[in-house]
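Next come the chains, spelled out residue by residue.
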Amino acid sequence: MLPNIYEVAGVPIALHDAFIGLGMVVAALVLWRESQRIGIVEDRWWWAVLGALTGAALGSRLGTWFQHLDPRNNLSLVDQWLYGNRSIVGGLAGAWLGVVIAKRITGWTVTTGDAFA
């Protein structure tokens, strides 16, 4: 089994976190190229991207918050954020909702789904 933490120039780096960061960089480059190809790059584009990242972060952590019908059996909001499960579906739903909210706030009506997909 491979160790989870490596040292690069004396700085410990978690392998999982490094690949998450690499994936985000590659995704940003692909998103930028696709948005240029489609022709939807303007100032409000970055607000949509920020909305997607924020919504994905919140949705992935809080997407599994309501696991039980009885609210007393669920974790508190703080405990869910710190120690709770993460959900890919919650992250996708949160990203979509984040883009929708960001576009409504900025008044941008251009379709962005093709670029994000």
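Presented here is an overview of the structure given in this document. (Residues numbered from 1 in each chain as written. Predicted model: local features only at pLDDT ≥ 70, side-chain atom pairs only at ≥ 80, totals over all residues. Heavy atoms only, no water.)

**Observations regarding the environment of proline 71**
Turning to step 1, where the next piece is worked out: Within the secondary structure, proline 71 is located in the loop between helix 2 (45-62) and helix 3 (77-83).
Turning to step 2, where the next piece is worked out: Residue classification places proline 71 among the exposed positions, given a relative accessible area of 61%.
Turning to step 3, where the next piece is worked out: Separated by 32 residues in the primary sequence, proline 71 and glycine 39 place their C-alpha atoms 46 Å from one another. (Helix = DSSP H or I, 4+ residues; strand = E, 2+ residues; numbered from the N terminus. Buried < 20%, exposed > 50% of the residue type's maximum accessible area, 1.4 Å probe, protein only.)

**A few points about the side chain of glutamine 80**
Turning to step 1, where the next piece is worked out: Residue position: glutamine 80 is located in helix 3.
Turning to step 2, where the next piece is worked out: The contact partners of glutamine 80, leaving out residues within four places of it in the chain, are Arg61, Leu62, Thr64, Trp65, Leu75 and Asn85. (Contact = heavy atoms within 4.5 Å.)

**Observations regarding the packing of aromatic side chains**
Turning to step 1, where the next piece is worked out: Within this structure, the stated rule accounts for 3 aromatic pairs.
Turning to step 2, where the next piece is worked out: Taken together, a centroid distance of 5.3 Å and an interplanar angle of 15° make the contact between tryptophan 32 and tryptophan 46 stacked. Residue tryptophan 32 is found in helix 1 (residues 15-38), and its partner tryptophan 46 is found in helix 2; the two are separated by 14 residues along the sequence.
Turning to step 3, where the next piece is worked out: Relative accessible area serves as the criterion here: at 31%, tryptophan 32 is assigned to the partly exposed category.
Turning to step 4, where the next piece is worked out: Here the aromatic rings of tryptophan 45 and tryptophan 108 are separated by 5.9 Å at their centres, their planes lie at 80°, and the arrangement is edge-to-face. Of this pair, tryptophan 45 sits in helix 2 while tryptophan 108 sits in the loop between helix 4 (88-106) and helix 5 (113-116), and the two are 63 residues apart along the sequence.
Turning to step 5, where the next piece is worked out: The class of tryptophan 108 is buried, set by a relative accessible area of 4%.
Turning to step 6, where the next piece is worked out: Members of the aromatic cluster, joined through ring pairs, are Trp45, Trp108 and Phe116. (Phe/Tyr/Trp six-rings, centres within 6.5 Å; stacked < 30°, edge-to-face > 60°.)

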